[in-house]
Amino acid sequence: MTESATLNADQAELAKFSALAHKWWDKSSEFKPLHEINPLRLGFIQNHVELTASKALDVGCGGGILAEALAQSGAQVTGIDLAEKSLKVAQLHLFESGLSVNYRCVTVEALAEEAPESYDVVTCMEMLEHVPSPASIVAACARLTKPGGWLFFSTLNRNPKSYALAVLGAEYILGMLPRGTHDYAKFIKPSELARMTRTAGLETVELTGLTYNPISKVYALGSDADVNYLVACRKPA
């Protein structure tokens, strides 16, 4: 593998997710929020693109929660990640689900060099706030997408409200996530992500917020993008 100094990855982040790898498919574990928002993420994607027979790439796939949902929807899916333990869990879960996903331990930048313009759909969810250079990830995702193809990103906004809810609330008060899951300094404002996608030659089609109601314990998509948000982009044909 390429020397870590050249990887667009935080070794501490990889170690953190590797330590939790065995819990990816435990819906009562630290990954419970990902399981609960996955139908919303999938629905957001399906509102823009027909997944049946499409060639899809899930960047930062972890244990395969979204990758399997894409495959279940009829896509031919490749999932990539640098946390090898998470990939092993993802591969093992295929025996239980009976689905077909091609998992690879490779950087998105390296894959973009290897297979440019190969995918109809590229997703990168809850990953950009965990890497040293999110702009490099966005650019590589754009290179991997076919002309006319779709890209979907999700991340965390950076403002006092997001710090209060996503860090203090989710990690320290409600205990929904392990403490230290997020580094507030790496959160990305929508304007910053828009600049990255624009620089990569992408057209932003939709931005929507993802909210959580701690009383009803329900996640929902809507206009409030103050904390979590999703973006749908298209690569010009």
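Just above sits the structure.
Residues numbered from 1 in each chain as written. Predicted model: local features only at pLDDT ≥ 70, side-chain atom pairs only at ≥ 80, totals over all residues. Heavy atoms only, no water.

## Considerations on the overall build of the protein
Then comes step 1: Tallying secondary structure elements over the protein gives 8 helices and 8 strands in all.
Then comes step 2: In summary, the protein has a C-alpha radius of gyration of 16 Å against a globular reference of 18 Å for 237 residues, a match within 12%.
Then comes step 3: Principal-axis analysis of the C-alpha atoms gives the protein an extent of 45 × 40 × 35 Å.
Then comes step 4: In the protein, once contacts between residues fewer than 6 apart in sequence are set aside, the share between residues at least 24 apart is 71%. (Helix = DSSP H or I, 4+ residues; strand = E, 2+ residues; numbered from the N terminus. Rg over C-alpha atoms; globule rule 2.2 N^0.38 Å. Contact = heavy atoms within 4.5 Å.)

## A look at the pattern of salt bridges
Close approach of charged atoms allows side chains of opposite charge to pair.
Then comes step 1: Counting across every chain of the model gives 9 salt bridges.
Then comes step 2: With a shortest N-O distance of 2.4 Å, Arg41 and Glu126 are connected by a salt bridge. Of the two residues, Arg41 sits in helix H2 (residues 32–46) while Glu126 sits in the loop between strand E4 (119–125) and helix H6 (134–144), which places them 85 residues apart along the sequence.
Then comes step 3: A residue is classified by how much of its surface remains accessible, and Glu126, at 22% relative accessible area, is partly exposed. (Salt bridge = Lys/Arg side-chain N within 4 Å of Asp/Glu carboxyl O. Buried < 20%, exposed > 50% of the residue type's maximum accessible area, 1.4 Å probe, protein only.)

## Focus: the sheet that holds strand E7 (residues 218–222)
Then comes step 1: The mixed open sheet is built from 8 strands, whose spatial order is E3-E2-E1-E4-E5-E8-E6-E7. Taken across any chain shown, the strands that pair with only one partner, and hence form the sheet edges, are strand E3 (101–104) and E7. The average angle at which neighbouring strand axes cross in this sheet is 20°, direction not considered.
Then comes step 2: Bridging between strand E6 (residues 203–213) and E7 involves 5 bridges; their strand directions are antiparallel. Each residue of the ladder has a partner; that of Tyr212, found in E7, is Tyr219. (Pairing = 2+ DSSP bridges. Axes fitted to C-alpha atoms, helices over the stretch in contact; angles between N-to-C directions.)

## Thoughts on the side chain of Ser86
Then comes step 1: Note on placement: Ser86 falls in helix H4 (residues 84–97).
Then comes step 2: Classification of Ser86 by relative accessible area gives buried; the value is 1%.
Then comes step 3: A polar contact of 2.9 Å, which involves the side chain of Ser86, links it to the side chain of Trp24.
Then comes step 4: Other than its neighbours up to four places away in sequence, Ser86 contacts Phe17, Ala21, Trp24, Gly62 and Gly63. (Polar contact = N/O pair within 3.5 Å; in protein donor to acceptor, adjacent residues only side chain to side chain.)

## Notes on the packing of aromatic side chains
Then comes step 1: Considering all chains together, one arrives at 4 aromatic pairs under this definition.
Then comes step 2: Residues Phe44 and Phe152 carry aromatic rings whose centres are separated by 6.0 Å and whose planes lie at 80° to one another, so their mutual orientation is edge-to-face. With a gap of 108 residues between them, Phe44 in helix H2 and Phe152 in strand E5 (residues 145–156) connect regions that are remote in the sequence. Side by side, Phe44 and Phe152 carry an identical accessibility label, which is buried.
Then comes step 3: A ring pair is formed by Tyr212 and Tyr219, whose centres lie 4.5 Å apart and whose planes are at 45°; its orientation type is tilted.
Then comes step 4: Under the relative-accessibility criterion, Tyr219 is labelled buried at 15%. (Phe/Tyr/Trp six-rings, centres within 6.5 Å; stacked < 30°, edge-to-face > 60°.)

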